[in-house]
Amino acid sequence: MDQQRHTGFVIGYTTHSGKPPVWKVRVKDETSPQNGAKLTVASIRDNIALSKGLNVNFLIGSVDDTSGQPDLRAVDVQLQPVG
């Protein structure tokens, strides 16, 4: 089963005292039901360095939040090919 990759861009990160930064991406993919959504990055491919404004593609996965509702995440974030 193939999973659909979505396109988007890095919007930045937040920091919390003593913890690593939490990166966010925005879905910019008219074919995606999540188009325009802001997602937390759960994993990055090949240990790339993220930067604000960088075009990326990713899978969308979910984890359950504290109330049991799905919380969508950007998974396997990688650079968007140019060209």
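Residues numbered from 1 in each chain as written. Predicted model: local features only at pLDDT ≥ 70, side-chain atom pairs only at ≥ 80, totals over all residues. Heavy atoms only, no water.

Engineer: I'm lost on the overall build of the protein chain in this one. Help?
Structural biologist: Looking only at helices and strands, the protein chain features 0 helices and 5 strands. Taken from the N to the C terminus, the helices and strands of the protein chain come in the order β-β-β-β-β. A compact globule built from 83 residues would reach a C-alpha radius of gyration of about 12 Å, and the protein chain, at 13 Å, matches this within 12%. Expressed along its principal axes, the backbone C-alpha trace of the protein chain runs to roughly 40 × 30 × 25 Å. Looking at the protein chain as a whole, 25% of its 83 residues are labelled buried. (Helix = DSSP H or I, 4+ residues; strand = E, 2+ residues; numbered from the N terminus. Rg over C-alpha atoms; globule rule 2.2 N^0.38 Å. Buried < 20%, exposed > 50% of the residue type's maximum accessible area, 1.4 Å probe, protein only.)

Engineer: Where do I start with unusual backbone geometry in this structure?
Structural biologist: With the exception of glycine, most residues fall at negative phi, and the peptide bonds are largely trans. Phi is positive for Asn47, which is not a glycine, with a value near 55°. Using a relative accessible area of 73% as the deciding quantity, one classes Asn47 as exposed. In the Ramachandran plot, Asp76 falls in the positive-phi region, its phi being about 60° despite a non-glycine side chain. As for its placement among the helices and strands, Asp76 is situated in strand β5 (residues 70-79).

Engineer: I keep staring at the nonpolar core and nothing clicks. Help me out?
Structural biologist: Residues Val10, Trp23, Val25, Val27, Leu39, Val41, Leu50, Val56, Phe58, Ala74 and Val77 constitute the largest nonpolar core, which totals 11 residues. Looking at this core, the elements that each hand over two or more residues are β2 (22-27), β3 (38-41), β4 (55-64) and β5. Ranked by residues supplied to this core, first place goes to β2 with 3 residues. Those residues in contact with Val77 that sit more than four places away from it in its chain are Val41, Ser43, Ile44, Arg45, Ile48, Leu50, Val56, Asn57 and Phe58. (Core = buried A, V, L, I, M, F, W, Y, C linked by side-chain atoms within 4.5 Å. Contact = heavy atoms within 4.5 Å.)

Engineer: Just to check I follow, could you spell out the packing of aromatic side chains for this structure?
Structural biologist: Geometry of an aromatic ring pair is reported as the spacing of the ring centres plus the angle between the planes. The tally for this structure, following the rule as stated, stands at 1 aromatic pair. Consider the rings of Tyr13 and Trp23, whose centres lie 4.7 Å apart with planes at 55°: the pair is tilted. Of this pair, Tyr13 sits in strand β1 (residues 6-14) while Trp23 sits in strand β2, and the two are 10 residues apart along the sequence. (Phe/Tyr/Trp six-rings, centres within 6.5 Å; stacked < 30°, edge-to-face > 60°.)

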